Amino acid sequence: MPRHNFNELMAFVTVAREGSFTRAASQLGVTQSAISQVVSALEARLEIRLLTRTTRSVALTAAGERLLQAIGHRFDEIEAELDALTELRDKPAGTVRITCGDHIVKSTLLPKLMPLLKAYPDIRLEFDINYGFRDIVADRFDAGVRFGETLDQDMIAIPIGPHVRMAAVAAPDYFAENPIPGNPRDLVKHRCIDIRFPTHGGMDAWEFERRGKKLKVRVDGRVVFNTTPHIVDAALGGMGIAYLPEDEFSPYIAEGRLIRVLEDWCPHFSGYHLYYPSRRQPSPAFSLVVDALRVN
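Residues numbered from 1 in each chain as written. Predicted model: local features only at pLDDT ≥ 70, side-chain atom pairs only at ≥ 80, totals over all residues. Heavy atoms only, no water.

(A) Main features of unusual backbone geometry. Positive phi outside glycine occurs at Arg 211, with the angle close to 50°. Tracing the chain through its elements places Arg 211 in the loop between strand 9 (206-210) and strand 10 (213-217). You can call Arg 211 exposed: its relative accessible area is 76%. Phi at Leu 262 is positive, roughly 55°, even though this residue is not glycine. Structurally, the position occupied by Leu 262 is in the loop between strand 13 (259-261) and strand 14 (268-269). (Helix = DSSP H or I, 4+ residues; strand = E, 2+ residues; numbered from the N terminus. Buried < 20%, exposed > 50% of the residue type's maximum accessible area, 1.4 Å probe, protein only.)

This is how it looks when you write it as structure tokens:
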């Protein structure tokens, strides 16, 4: 069998990861028809179907899944090594892609990384605001940000903030018409503002703890969001009780615009961590990002 064209393999990997010929073509800077022809040529050379195509979607066959698992990370390693060559330049360069939530960008990432961008003009940062549990390897992110308890064991995790405590709050207008809950179980009688996570499509129970006793409550309400800033806005608007890390509410609690309840039931837990694959060979740009975010 002749040696394989690496352009064909790269085209296949890009289409497989993007799930779209159009998006893959845009990423590689070619036309959709050109990338389709390249992938078809690879399938013809292998004499096996790698992708199932419909008018609306592209899906991997069993053979395609096997090939992606076998070679996808190899291209990532090559890219990482090419990025590492910037060590030979006067200044580190390259793009660092991070997936995370809204609040951590505003509260931690931007304040810590803005000085880095000013010092190294050839470094670029790309933030993917997403509340799902992304597969950062498959989605080709350099790193993600999550709470420490939710991280996989095969990831390197770097603390980038202090321990976090949850807070349950509502506006004074809401409590003018509704009793203040004395126990987390009372929340089932209240309108609550919930969040739907995109990964599994459901809404998790609210978790509380006091003196070692843990309690989970499934709440209900009239509004549900998939990002936290809108939850804060809805709470300020009197739409019900919200439950998020306390630093999202702190300025409004201090101003008296939100009232905190069930404080003795709100647990502390490990704070935000930057995480990335243990096998990753960090580029100079990525190493600088990690150093800038690391808790001193």
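(B) Structural detail: the packing of aromatic side chains. Throughout the structure, instances matching the rule amount to six aromatic pairs. The interplanar angle of 35° and the centroid separation of 4.6 Å between the aromatic rings of Phe 208 and Tyr 243 together place this pair among those described as tilted. Note that Phe 208 is positioned in strand 9 and Tyr 243 in strand 12 (residues 241-245), a separation of 35 residues in sequence. According to the relative accessible area criterion, Phe 208 is buried, its value standing at 2%. (Phe/Tyr/Trp six-rings, centres within 6.5 Å; stacked < 30°, edge-to-face > 60°.)

(C) Spotlight on the nonpolar core. Among the nonpolar cores identified, the biggest contains 22 residues, and Ile 98, Leu 109, Val 145, Ile 160, Leu 274 and Val 289 are the most heavily contacted of them. Looking at this core, the elements that each hand over two or more residues are strand 3 (94-100), helix 5 (102-119), strand 4 (123-129), strand 5 (143-147), strand 15 (272-277) and helix 9 (284-293). What Val 145 contacts, discounting residues up to four positions off in sequence, is Ile 98, Thr 99, Cys 100, Ile 104, Leu 109, Ile 160, Tyr 272, His 273, Leu 274 and Tyr 275. Grouped together as the second largest cluster of nonpolar side chains are 20 residues, Tyr 174, Phe 208, Ile 241 and Trp 265 included. (Core = buried A, V, L, I, M, F, W, Y, C linked by side-chain atoms within 4.5 Å. Contact = heavy atoms within 4.5 Å.)

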